[in-house]
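# Analysis of the macromolecular model
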Amino acid sequence: MTSEIVMAADTALATDLMPALIFMVGGLLVPFFKGRAKSVYMLLIPVVGFLNLIHIPLGDHHHLFFGDFNLVLLHVDRLSLLFGYIFHIIAFITVIYILGFKNDVEYVAGFFYAGAALGAIFAGDLFIFFVFWEALTLGSVMLIWARKTPKAQAAGFRYLLVHAFGGLVLLAGIVFHYSHTGSLEMSLMTLSGPGSWLMFFGIGINCAWPILHPWLTDAYPEATIGGAVFLSAFTTKTAVYALARLYPGTDLLIWIGVGMAAFPIFYAVIENDLRRVLAYSLINQVGFMVVGIGIGTELAVNGACAHAFNDILFKGLLFMTMGAVMHRTGKINATDLGGLYKSMPWTCLFCIVGAASISAFPLFSGFVSKSMVMSAVAHMSHNPGQGALVFVWLVLLFAAAGVFHHAGIKIPFFAFFGHDAGHRVKEAPLNMLIAMGIAAFLCVFIGTFPQYLYSVLPFPVDYEPYSISHVLTQTELLFFSALAFCLLLLSGIYPAEQRAVNLDADWSYRIGGKKLYHILAGILNPLNTGCEKVVRSVASASAFIFKDAPARIALFVSVNIWLVFGIRGRYLELRKSRLYNDAMEGTMPIGLGAATAVGFFILIYILN
Amino acid sequence: MNPQDDKELMELKHDPVPGYKPVFVVVFTIACLYMAFILCHSPL
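Okay, the overall build of chain A next. When helices and strands are counted, chain A shows 23 helices and 4 strands. At 35 Å, chain A has a C-alpha radius of gyration far larger than the 25 Å of a compact globule built from 608 residues. Seen along its three principal axes, the alpha-carbon backbone of chain A occupies a region of about 125 × 65 × 65 Å. For chain A, the proportion of its 608 residues judged to be buried stands at 48%.

Encoded structure:
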């Protein structure tokens, strides 16, 4: 191959490193450190990464010339920077959180995963994006397998299959797109050809769109305690970033987002595993972001990105609190928990902060971002021909009430209050408390001083979340939801928490797939057996016929000639026997061969 | 070792609390009146 690979970088930017490499290479070196040095080293990786990031100027850097391709390894703009900031922040917090686990697999996988996410969001073209997109799958599946339980192994394999399929779909889309446009640029796309549709669908798998979502609720609760925190931050948010970059203003996304926001509410209410409740809640929150991207106005895209930023923090915080509960009690089901507020008061407090943030209480982070998306939908619905968006707004309102119910109330209530399960455990370890404390502080800080978040959003922000209308509407919604919860609980109508498996769309490939296999096996196996029997009988009959066919033909011809010449009795039998044996051994009388040849010529002559 | 660790609860029911009905009726009525008030005063 004559193609030449040349790495080029602006001389002025020679000191800027790819954020992805700092994490991926840095993470691979973690196992070589021991004791306190390892902790310090791990904490330094995201710190160094962040310091590097804030010094990288906007624009394209680090070009890779590969044949005719000019691949851009690092593209920095306001959209990618926003995601870059929060990915570094959550990586730093999660590293503090997992310092006590002493699990090198988890450490390496976590850094590799975070690095892959950074590589994807800073990718300057579709090919580099795809490479890091696939690396994202590798890192995340290792975080699931690192738990080393049979359930985690099985869930990890299912996760791998789904994401490998999604990656192939994305790759097919990129190939189609390149063959039609000749461009690998990561820019605005419309759903107009097979390439853009396939990429859209491939990103949708990672975004956990309805029906494509079960990989998330299946795998995240099976990951390690720290792994679930990592997972909650990167995969879906990278997909949200990709949608914001490639498909803003795509109407279809509004309806997909509405579905994402609404359907998980019902599953989360009846789910017993509290980390799975959070997984459903994650889909619900990503739904708000997808709606915002679908609306596509500056306010909506800002709202979607701000909500992604906040969701990483408060969802990470909630996963951390549930991880701390799991770490201390060994339990995560609502049926096994309750009354932990006495034993784990700080964890309980941080959980309530996370719950208030995800529920969008005023002064908490969710409020300042979710209301942007809601306002964008409301503004858009006033436009001519956009009346259907009133329905979207109402569903989002329902989803906002629902998320308060399952993530805002159910999680803290069943873990820390409710019935006392009798666990008398220690408070979470100090490193976990520090990590949760930082995340909780940021949730309150952003909710109270949103202008700092607004200043890093992709578009200039002209929005005031703390208007009387917003605060009053949201407060009413939340208090009525709380009231509904109390009344349902007091009246005994609230569904019981049950140790059960809830059927979801994964039924189609977990149970339905098995049934399809049995049906196809029932049809195709007999067909296969029948074909085999026919072929065998034909083959054996042919073998029987052709085994001694020349000898029989020779006998038939010769015996008739001998009879003409009056040969009879024992002598005839002797000659028959000799001729048969000779013919079977491949030797024939010369006269017979010549007679056969003459016979053939006569036959051909007659037929002509 | 917690004594409850070895027996896992299969179902956590929420039995009705005695006396909830009057509370329910009062709160629900107030809520409905409030919602009606809001709707009447909202611009179309």
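Our next topic: the overall build of chain B. A count of helical and extended segments in chain B gives 1 helix and 1 strand. For chain B, the residues scored as buried account for 2% of the 44 residues in total.

Another point: the nonpolar core. Residue and element names in this part refer to chain A. Within the largest apolar cluster, 182 residues are counted, with the highest numbers of intra-cluster contacts made by Leu 243, Val 291, Leu 317 and Leu 318. Considering each element in turn, this core owes the most residues, 18 residues, to helix H12 (residues 298-329). Inspection of this core shows a minimum of three residues originating in each of domain 1 (1-176) and domain 2 (247-469). Filtering out sequence-adjacent residues up to four positions away, Val 291 remains in contact with Ile 254, Gly 257, Val 258, Ala 261, Val 373, Val 377, Val 392 and Leu 396.

Before going further, it helps to examine the domain arrangement of chain A. One frequent convention defines the size of an interface as the accessible area lost when the parts assemble. Domain boundaries assigned for chain A yield domain 1 (1-176), domain 2 (247-469) and domain 3 (548-608). Centre-to-centre, using C-alpha coordinates, domain 2 of chain A lies 95 Å away from domain 3 of chain A.

Our focus in this paragraph is the interface of chain B and chain A. At the junction of the two partners, chain B supplies 17 residues and chain A supplies 20 residues. For the side of chain B that touches chain A, the secondary structure elements donating two or more residues are strand E1 (11-12) and helix H1 (20-41) of chain B. In terms of residue class, the side of chain B that touches chain A is made up of 10 nonpolar, 3 polar and 4 charged.

With that out of the way, let us pick up helix H10 (residues 251-270) of chain A. All of the buried residues along H10(A) are Leu253(A), Ile254(A), Ile256(A), Gly257(A), Val258(A), Met260(A), Ala261(A), Phe263(A), Pro264(A), Ile265(A), Tyr267(A) and Ala268(A). Where H10(A) is buried, its residues meet helix H9 (225-246), helix H11 (274-295) and helix H15 (389-416) of chain A.

Bringing the packing of helix H7 (residues 194-207) of chain A against H9(A) into the picture now. Residue and element names in this part refer to chain A. Viewed as axis vectors pointing N to C, H7 and H9 meet at an angle of 145°, and their least axial separation amounts to 8 Å. In terms of crossing hand, the pair formed by H7 and H9 is left-handed. Within the contact between the two elements, H7 uses Ile 203, Asn 206 and Cys 207 and H9 uses Thr 235, Thr 236, Thr 238, Ala 239, Val 240, Ala 242 and Leu 243. The residue makeup of the contact of H7 with H9, split by class, is 6 nonpolar, 4 polar and no charged.

Okay, H9(A) next. All names here are of chain A. Taking 1.5 Å of rise per residue, the 22 residues of H9 would be expected to cover 32 Å, and the 33 Å separating its terminal C-alpha atoms lies within 8% of that figure. Of all the bends in H9, the greatest measures close to 35° and is centred on Leu 231. Along H9, 22 of the 22 residues are buried, which leaves the element largely enclosed by surrounding structure.

Attention now moves to the confidence of the model for chain A. Across chain A, the average pLDDT comes to 91, with 98% of residues at or above 70. The model gives residues 1-14 of chain A a pLDDT under 50, and that stretch makes 13 contacts with residues more than four places away or in other chains.

The geometry of helix H18 (residues 468-491) of chain A relative to H1(B) is characterised by a closest axis approach of 10 Å and an angle of 155° between their N-to-C directions. In terms of orientation, H18(A) and H1(B) fall into the roughly antiparallel class. Crossing of H18(A) over H1(B) shows left-handed handedness. Taking contact as the criterion, the partners of Phe480(A), Leu483(A), Leu487(A), Leu490(A) and Ser491(A) in H18(A) are, on H1(B), Tyr20(B), Phe24(B), Val27(B) and Ala31(B). Considered class by class, the residues forming the contact of H18(A) with H1(B) number 8 nonpolar, 1 polar and no charged.

All names here are of chain A. One non-glycine residue with positive phi stands out, namely Ala 208, at about 65°. With respect to the helices and strands, Ala 208 occurs in the loop between H7 and helix H8 (214-219). Positive phi outside glycine occurs at Leu 363, with the angle close to 80°. Among the secondary structure elements, Leu 363 is positioned in the loop between helix H13 (345-358) and helix H14 (365-381). A residue is classified by how many C-beta atoms lie within 10 Å of it, and Leu 363, with 14 of them, is partly exposed.

Residues and elements named next belong to chain A. Bridge count between strand E2 (residues 59-66) and strand E3 (residues 69-76): 7 bridges; the pairing is antiparallel. Paired with His 61 across the bridge in E3 is Leu 74. Taking the residues that link successive antiparallel strands as the turn, the E2-E3 hairpin has 2 residues, and the phi of Gly 67 there is positive, at about 60°.

Residue and element names in this part refer to chain B. Counting through the fold element by element, Pro 22 comes out in helix H1. Residue Pro 22 is classed as exposed on the basis of its 8 C-beta neighbours within 10 Å. Remark: the alpha-carbon pair of Pro 22 and Leu 9, spanning 13 residues in sequence, is separated by 32 Å.

What follows is about the environment of Gly167(A). Residue and element names in this part refer to chain A. Note on placement: Gly 167 falls in helix H6 (residues 150-181). Looking at Gly 167, the number of C-beta atoms within 10 Å reads 18, which means it is partly exposed. With 70 residues separating them in the primary sequence, Gly 167 and Lys 237 have C-alpha atoms 16 Å apart. If we ignore the near neighbours within four places in the chain, the residues touching Gly 167 are Trp 133, Glu 134 and Thr 137.

Residues and elements named next belong to chain A. Looking at the secondary structure, you find Asp 311 in helix H12. Residue Asp 311 is classed as buried on the basis of its 29 C-beta neighbours within 10 Å. Taking C-alpha positions, Asp 311 is 32 Å from Gly 422, a pair spaced 111 residues apart along the chain.

Rules used throughout
- Residues numbered from 1 in each chain as written.
- Chains lettered and ligands numbered in written order.
- Predicted model: local features only at pLDDT ≥ 70, side-chain atom pairs only at ≥ 80, totals over all residues.
- Helix = DSSP H or I, 4+ residues; strand = E, 2+ residues; numbered from the N terminus.
- Rg over C-alpha atoms; globule rule 2.2 N^0.38 Å.
- Buried ≥ 20, exposed ≤ 12 C-beta atoms within 10 Å, placed from the backbone.
- Core = buried A, V, L, I, M, F, W, Y, C linked by C-beta atoms within 7 Å.
- Domains from an automatic or database assignment.
- Contact = placed C-beta atoms within 7 Å.
- Nonpolar A, V, L, I, M, F, W, Y, C, P; charged D, E, K, R; others polar.
- Axes fitted to C-alpha atoms, helices over the stretch in contact; angles between N-to-C directions.
- Left-handed = near helix turned anticlockwise from the far one by under 90°.
- Expected span 1.5 Å × (residues − 1).
- Bend = angle between axes of the 7 residues up to and from the residue.
- pLDDT = per-residue confidence, 0-100.
- Parallel < 35°, antiparallel > 145°, perpendicular 65-115°, else oblique.
- Pairing = 2+ DSSP bridges.

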